[in-house]
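Survey of secondary and tertiary structure
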Amino acid sequence: MVQSNQKPHLVLLSAPAHLQPVIELGKRLVTCQDVKATIIVASFVQSAPAESRMVQAALATKLFDVIHLPPADISNLVEPGDKGITSLSAAMHVVKPDFQAAILGLETLPTALVVHVFAIECLGIADELKIPKYVFVSTNAWFLATIVYTPVLDKEVEGEYADKREPFALPGCSSIRAEDLPDPMLLRTKANYREYLKIGMEIPKADGILVNSWEELQPKTLASLRDGNLLAGVVKAPIFPVGPINSEGSSALKNELFDWLDKQPTDSVLYISFGSMGGLSLEQMLELAWGLELSQQRFIWVVCPPMEKSGSGSGPKFGNIGDDVSSYLPEGFISRIRDRGVIVPQWAPQVEILSHPSCGGFFTHCGWNSAIECITNGLPMIAWPLYAEQRMNATLLTEEMGIAVRSETLPSKGIVGREEIEKMVRKIFVDEGGRQMRARVKELKLSAEKAWSNDGSSYDALAKMVKHSQKKAIAIDV
């Protein structure tokens, strides 16, 4: 039985490859609210080592308990070409019994369950435990609006969404063009679309929805999600905008890269990275290199082996991880840019680089975590969307927020030439338009800080969510 004075105990369930936002949400719950949190981690076999490192770092904070479930082997459950949401759903189906056993084995049973949106397969376990259930959408409110409205579009629209010329209307929100739709919506006959549609139908069954945005960032969309005449009639559950939820990194990090950064002028360095799954073709890598050289601007570029085609995050690589990165770049490029550019193989401490005073912009694949890191550091962006919901993120950042530039050609559709790359880089650092973007994103940075101050909108939203879960738990128990 739930006691009215019992300290809330929230269990948070991550989805494979989506652990970091869940850890950061757990930190906010423990540090901003008087609650106990337990994080339960689901992972693919191939992603388990990376997530194990995140688990160890999370445990070191001593803020909460973390349980890493046995990694999910889905090799016999999905077709080789079925990636993305299909793989996530299959993994959650595999780990569901272990997740349930982990909850039942806790010393203190949870008073509420929060699952990542791509772990929604396990949402119903809360009903068996007779506790409230919440969904955490770690991307923005426009994505949330799109996915919950997809079951309506599924009934109204005939044929492929991608073939439609007119944008799709979302009640009370910005409409969405066919070319900006999330990947699962591009082919309705594929398993990815069926799983995406299923998630859109499951989200409204939650008792509440947490979203990684804040009132001042997306007021129009959030208002629609709460308006019974607009999207609230579809989403049904209360919305709790608790963003920005992002990692703060370590200020104590020191190495040769940061020694170099320390010597550069304020707001002068462009950071270039396409995430852990994004990639460029060899031809596009060469054009990017030439564009950076032509721009005459300072940069740090995280270089990974090229993909068979740009944007194919899971596609085969031409190169190998141990290769000399110069083999993917124009001859003599590294020596020519030595005074103003740094090439980093494979991986760099992104959070720490973006927060360094010398960093002045981000050439990004537009994953929402990366976009949030840019906004909270007051950095304009060059939007280079590759997969998932990144195209709609890029549109949001460029057209609605005015804090990014993007190429005329979609990077996932064709090669963007060196001249256009040079133009985008110089717009960020040299042109008047870049100064305007920088001023706008610094306003959003201040709004993000305000949202998490005492009595700020996100601080209050998280407090309301905890209180909502307490009242709901007592109501269920009666």
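Residues numbered from 1 in each chain as written. Predicted model: local features only at pLDDT ≥ 70, side-chain atom pairs only at ≥ 80, totals over all residues. Heavy atoms only, no water.

For the record, the criterion: UniProt positions are given in the numbering used here, feature names are shortened, and annotations may be inferred rather than shown by experiment.
An unreviewed UniProt entry annotates the protein as Glycosyltransferase of Gossypium klotzschianum. Its UniProt record, at the heading Sequence similarities (unreviewed entry), says of the protein: "Belongs to the UDP-glycosyltransferase family."

Re the packing of aromatic side chains
Using the following cut-off: The aromatic pairing rule takes the rings of Phe, Tyr and Trp, using the six-membered ring of Trp, and pairs them if the centres are within 6.5 Å, calling planes under 30 degrees apart stacked, those over 60 edge-to-face and the rest tilted. A simple rule labels every residue: compare its accessible area, found with a 1.4 Å probe on the protein chains alone, to the largest value its type can have, and call it buried under 20%, exposed over 50%, or partly exposed in between.
Enumeration over the complete set of coordinates arrives at nine aromatic pairs. Summarising the aromatic geometry, the rings of Tyr161 and Phe168 are spaced 5.6 Å apart at their centres and angled 90 degrees between planes, so their arrangement reads as edge-to-face. The class of Tyr161 is buried, set by a relative accessible area of 0%. Among the aromatic residues, ring-to-ring pairing joins Tyr161, Phe168 and Tyr193 into one connected group.

Some details on the environment of Leu386
Stated precisely, the cut-off is as follows: Helix and strand assignments come from DSSP, with helices taken as H or I runs of at least 4 residues and strands as E runs of at least 2, each series counted from the N terminus.
Along the polypeptide, Leu386 turns up in the loop between strand S12 (381-383) and helix H14 (390-400). Overall, the relative accessible area of 2% leaves Leu386 in the buried class. Along the chain, Leu386 and Leu410 lie 24 residues apart, while their C-alpha atoms are 8.3 Å from each other.

Quick word on the packing of helix H13 (residues 368-376) against helix H16 (residues 432-451)
Spelled out, the test is: Helix axes are fitted to C-alpha atoms over the stretch in contact, other axes to C-alpha atoms as well, and angles between N-to-C directions run from 0 to 180 degrees. Orientation labels follow simple angle bins: below 35 degrees gives roughly parallel, above 145 gives roughly antiparallel, 65 to 115 gives roughly perpendicular, and whatever is left gives oblique. Contacts: residue pairs with any heavy atoms within 4.5 Å of one another. Think of it as three bins: nonpolar holds Ala, Val, Leu, Ile, Met, Phe, Trp, Tyr, Cys and Pro, charged holds Asp, Glu, Lys and Arg, and polar takes everything else, Gly as well.
The contact between H13 and H16 brings their axes to 7 Å, and the two run at 95 degrees. Here H13 is positioned roughly perpendicular relative to H16, judged by the angle of their axes. Of the residues in H16, those touching H13 at Cys374, Ile375 and Thr376 are Val441, Leu444, Lys445 and Ala448. For the contact of H13 with H16, the residue count by class is five nonpolar, one polar and one charged.

Digging into the environment of Gly172
Along the chain, Gly172 turns up in the loop between helix H5 (141-156) and helix H6 (191-202). Relative accessible area serves as the criterion here: at 30%, Gly172 is assigned to the partly exposed category. Along the backbone, Gly172 and Leu231 are 59 residues apart, and their C-alpha atoms lie at a distance of 7.3 Å. Setting aside anything within four residues of it in sequence, one finds Gly172 in contact with Lys220, Ser224 and Leu230.

Some remarks on the environment of Ile103
Considering the arrangement of structural elements, one finds Ile103 in helix H3 (residues 85-104). Remark: the alpha-carbon pair of Ile103 and Leu129, spanning 26 residues in sequence, is separated by 9.4 Å. Contacts of Ile103, omitting those with residues within four sequence positions, involve Val11, Ile40, Leu109, Pro110, Leu113, Ile125 and Leu129.

Here's the deal with the pairing of strand S10 (residues 341-345)
Threshold: Whether two strands pair depends on DSSP finding at least two bridges between them.
Where burial is concerned, most of S10 is hidden: four out of the five residues are buried. Where strand S9 (residues 298-303) lies against S10, five bridges are found, and the strand directions are parallel. Opposite Val302, over in S10, you have Val344 as the bridge partner.

A short note on the domain arrangement of the protein
For the record, the criterion: Segment limits for the domains were obtained from an automatic or database-derived domain assignment. Summed over both partners, the accessible area (1.4 Å probe) lost when two parts come together is defined as the buried area. Salt bridges are defined as contacts in which a side-chain nitrogen from Lys or Arg sits within 4 Å of a carboxyl oxygen from Asp or Glu. In protein, a polar contact requires one atom able to donate a hydrogen and another able to accept it; more generally it is a pair of N or O atoms within 3.5 Å, and residues adjacent in sequence count only if both atoms are side-chain atoms.
Each assigned domain of the protein is listed here: domain 1 (9-248 + 453-477) and domain 2 (256-448). A C-alpha centroid distance of 28 Å is found between domain 1 and domain 2. On the side of domain 2, 24 residues touch domain 1, which itself brings 27 residues to the contact. Note on domain 1 versus domain 2: buried area summed over both sides is about 2200 Å², and carbon and sulfur give 58% of it. Three residues, Trp142, Trp214 and Leu217, lead the burial of domain 1 against domain 2; their summed loss comes to 22% of the area buried on that side. Our count for the contact surface shared by domain 1 and domain 2 stands at two salt bridges. Scanning the region where domain 1 abuts domain 2 turns up 13 residue pairs in polar contact (both at pLDDT 80 or more). A total of three residues in the side of domain 1 that touches domain 2 trace back to one element, the largest contributor, which is H5. Partitioning the side of domain 1 that touches domain 2 into residue classes produces 11 nonpolar, nine polar and seven charged.

What about the packing of H13 against H14?
The geometry of H13 relative to H14 is characterised by a closest axis approach of 10 Å and an angle of 20 degrees between their N-to-C directions. Here H13 lies roughly parallel to H14, going by the angle between them. Facing Trp368, Ala371 and Ile375 of H13, the residues of H14 in contact are Asn393, Leu396 and Leu397. Here the contact of H13 with H14 is built from residues that sort into five nonpolar, one polar and no charged.

A word on the sheet that holds S9
Taken together, the six strands give an open sheet; going across it, the order is S10-S9-S8-S11-S12-S13, and neighbouring strands pair in parallel fashion. Edge strands, defined here as strands with exactly one partner in the open sheet, are S10 and strand S13 (404-406). On average, adjacent strands in this sheet sit at an angle of 20 degrees to one another, irrespective of strand direction.

Details of unusual backbone geometry
The peptide bond linking Gly243 to Pro244 adopts the cis configuration, its omega dihedral lying at 0 degrees. Along the chain, Pro244 turns up in the loop between strand S7 (239-241) and helix H9 (256-262). Positive phi, normally seen in glycine, also occurs at Ala388, with a value near 55 degrees. Mapped onto the elements, Ala388 comes out in the loop between S12 and H14.

Focus on the pattern of salt bridges
Taken as a whole, this structure holds 17 salt bridges when the rule is applied. Between Lys133 and Asp127 there is a salt bridge, with the nearest N and O atoms lying 2.9 Å from each other. Close ionic contact of Arg177 with Glu399 constitutes a salt bridge, the shortest N to O distance being 2.8 Å. Taken together, the residues Arg177 in the loop between H5 and H6 and Glu399 in helix H14 connect sequence positions 222 residues apart. The partly exposed category is assigned to Arg177, whose relative accessible area is 26%. Linked by salt bridges that have partners in common, Arg177, Glu179, Asp180 and Glu399 make up one network.

Remarks on the side chain of Gln33
Note on placement: Gln33 falls in the loop between helix H1 (19-32) and strand S2 (36-41). Residue Gln33 is classed as buried on the basis of its relative accessible area, which comes to 14%.

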